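Structural description and commentary
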Amino acid sequence: MKLNRYIPVLFAGLVLAACTDMNTIVPESGTMLKQQVQETNAAVPSRAAASFSGLFTIIGQPNYFGYGTPDDFGVLMMLFCNDLESADATASDNNYNWFSVCGEYSSRSANYRNPVIRYKTPYAIIAAVNDFLAGFGEDEDNPESLAMIAQARVLRAYSYMLLASDFQFNYTEHKDDLCVPICSPEVEDPTNNPRATVAQIYDIIMGDLNYAVETLEGFTRSSKKFIDQNVAYGMRARANLNMGKYAEAAADAEKAAAGYEPASIAEVSKPTFQDISEHNWIWGYDMTADEAKIFKYATTSSWLRSFSGWAYAAGTATYTCINKILFDKIPATDVRKGWWLDENLYSPLLDGLTWDAGEAGSASGQAIADFEYDDKLAFVPYTNVKFGCTPLGTTDNAEDMPLMRVEEMILIQAEGYAKSGNESKAIQILEDFVKTYRDPSYSASASGRSLADEIWFQRRVELWGEGFAIHDTKRLNKPMVRFLGTAESTNVSPAFRYNMAANDGWLLMRFSNSELNTNFGIIDNGDGELPKMDQNPTLRDGVTD
């Protein structure tokens, strides 16, 4: 078998070089000074374009940091962790699960590779953006250059938002609490760079996004892997939502959604969410076959998608599954119920599909669930079939990943209006979306939940597997509820079966030893303790009760 089945190991001794000041680099080092870079960019515009394109590879390039491990794939890896640390997504507790640290929350260890990658990745983007921006003068007026600058600043804002959500609780109640260090050429001493507050981090985020929204007016991108004004509006909608500026979030989300239509019921009645050209994607990561083959196991196709023939998911039955307590709340009339197998390994999304493994045999329709050969083991209950591969059993792992969809923007509009005093409009937006594109029988009041919890429920189902789950839980100041008091209530493995209070300090990421040993200005997060099996059995979240 192609897969090397071995146990994840600890990783220590990493050195983070997050911030770079180009003005301090001497010519003898072989690196150009800031002024030289600006002159070169002006003389050879293709140099700036090449540097700009490279900013986007950090989002999902396999083995970006060169660890040679299946958990090194940039922002996409971070998004996967965000879901596995939530109540809604889970994977088997076995010797092949490189992300078991997320299930058990040992991802707070300062020596583990998992949290190091999740810290290094955003700062690698931020540092690369800072270096890229340093290549332009303040009087830059070339429209192409300005568009690249604006897109780079959106990437920087996105990176800071990911860090802020990992290292501190929500903005609305904790804006004056410590967050993460600011990476900037203006930092005088990187070895003594204290954590900024959440509010200070969001000042940078909003400054970047405001600039991008204005600068990208009229700009047309060459591919949805890049950023246009819709993406900038969408990112600012997320930021405003995080900050509790609900009316502003709704207004930005409406602008971000302009020109896009949600995927239809028919379109999501089969495994999909795999191609950047899908009309409902506003922004995505465009994985190529050449890029994936750098290390095919370090891809979302290997871990999140259940239909890859070169994968940890299928090869070791480490399938990413929905938590039964959420699955059970999805109405049978909702097409999204079929995005996961039920307890009997049935999903209508398997009908009409064929998994052809050549000499190893093939299976069609519902038989795919039990089909086994060397590179695929049988599906397990609640396995996700939301994310497709073409063909089934592919060994390319070149499937793309959505980073922003119009459906998210519609749900931000609903939440924004609901929390800024216009509940009737929020209900109309929510019902129009769900009834038209997911469940014709839907009523926003049918579940008996509050409107806020109903919108969160829709986010949890619609955006499942796309990296929002634990950040939403913290943003909404909700407990993380994986089971309802008994082992039978959930399909989560015993080691991952526990609930965490909304204010549990263990929800916050810790800084790696490599950062603490090079930046002595950091005061680490220290509250909370490693969760214990079956702890807090009476906690409820208002959605899965």
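The structure reproduced in this document is the subject of the present report. In this text the structure is predicted, and so the values were computed from the model without any measurement. Note on numbering: residues in each chain are counted from 1, in written sequence order. This being a predicted model, a pLDDT of at least 70 is required before a residue's local features are given, and a value of 80 or more before pairs of side-chain atoms are given or counted; all residues contribute to the totals for chains, interfaces and linings. Side-chain calculation: all heavy atoms of the structure are included, whereas hydrogens and water are not.

Attention now goes to the overall build of the chain. By the criteria applied, helices consist of DSSP H or I runs no shorter than four residues and strands consist of E runs no shorter than two, each listed in order from the N terminus. Along its length, the chain carries 19 helices and 10 strands. Principal axes of the C-alpha set define a box for the chain whose edges measure 65 × 55 × 45 Å. Out of the 545 residues in the chain, the part that is buried amounts to 59%. Residue pairs at least 24 apart in sequence account for 72% of intrachain contacts in the chain once pairs closer than 6 positions are excluded. Accessible surface area values rest on a Shrake-Rupley calculation with a 1.4 Å probe, where residue burial reflects the displayed protein chains alone. Looking at the chain as shown, the accessible area adds up to about 20,000 Å², and 50% of this sits on carbon and sulfur atoms. Each residue is placed in one exposure class: buried if its accessible area under a 1.4 Å probe, protein chains only, is under 20% of its type's maximum, exposed if it is over 50%, and partly exposed if it falls in between. Any two residues having at least one pair of non-hydrogen atoms within 4.5 Å are treated as being in contact.

Moving on, we come to the packing of helix α5 (residues 113-133) against helix α6 (residues 143-167). Two elements in contact, α5 and α6, have axes whose closest approach is 9 Å; the angle formed by their N-to-C orientations is 155°. The angle between α5 and α6 places the two elements in the roughly antiparallel class. Judged by the sense of rotation from one axis to the other, the crossing of α5 with α6 is left-handed. Contact residues: α5 offers Arg118, Tyr119, Pro122, Tyr123, Ile125, Ile126, Val129, Asn130, Phe132 and Leu133, while α6 offers Met148, Ile149, Ala152, Arg153, Leu155, Arg156, Ser159, Tyr160, Leu163 and Phe167. By residue class, the composition of the contact of α5 with α6 is 15 nonpolar, 2 polar and 3 charged. Orientation is described by axes fitted as lines to C-alpha atoms, over the contacting stretch for helices, and by angles from 0 to 180 degrees between their N-to-C directions. By definition in this entry, angles of less than 35 degrees are roughly parallel, angles greater than 145 are roughly antiparallel, angles of 65 to 115 are roughly perpendicular, and the rest are oblique. In this scheme the handedness of a crossing depends on how the near helix is turned from the far one: anticlockwise by less than a right angle means left-handed, clockwise means right-handed. Any residue outside Ala, Val, Leu, Ile, Met, Phe, Trp, Tyr, Cys, Pro, Asp, Glu, Lys and Arg is labelled polar, Gly included; the first ten of those are nonpolar and the last four are charged.

Within the secondary structure layout, Asn499 lies in strand β10 (residues 499-500). By the criterion applied in these results, polar contacts are pairs of N or O atoms within 3.5 Å in which, for protein atoms, one can donate a hydrogen and the other can accept it, and in which residues neighboring in sequence qualify only through two side-chain atoms. Engagement of the side chain of Asn499 in a polar contact is seen with the backbone oxygen of Phe483, the distance being 3.1 Å.

With that settled, consider the pairing of strand β4 (residues 281-285). Within β4, 5 of the 5 residues are buried, leaving the element largely enclosed by the surrounding structure. When DSSP finds at least two bridges between two strands, those strands are taken to pair. Note: β4 against strand β8 (residues 401-405), 4 bridges, orientation antiparallel. Pairing of Trp281 across the sheet is with Arg405, part of β8.

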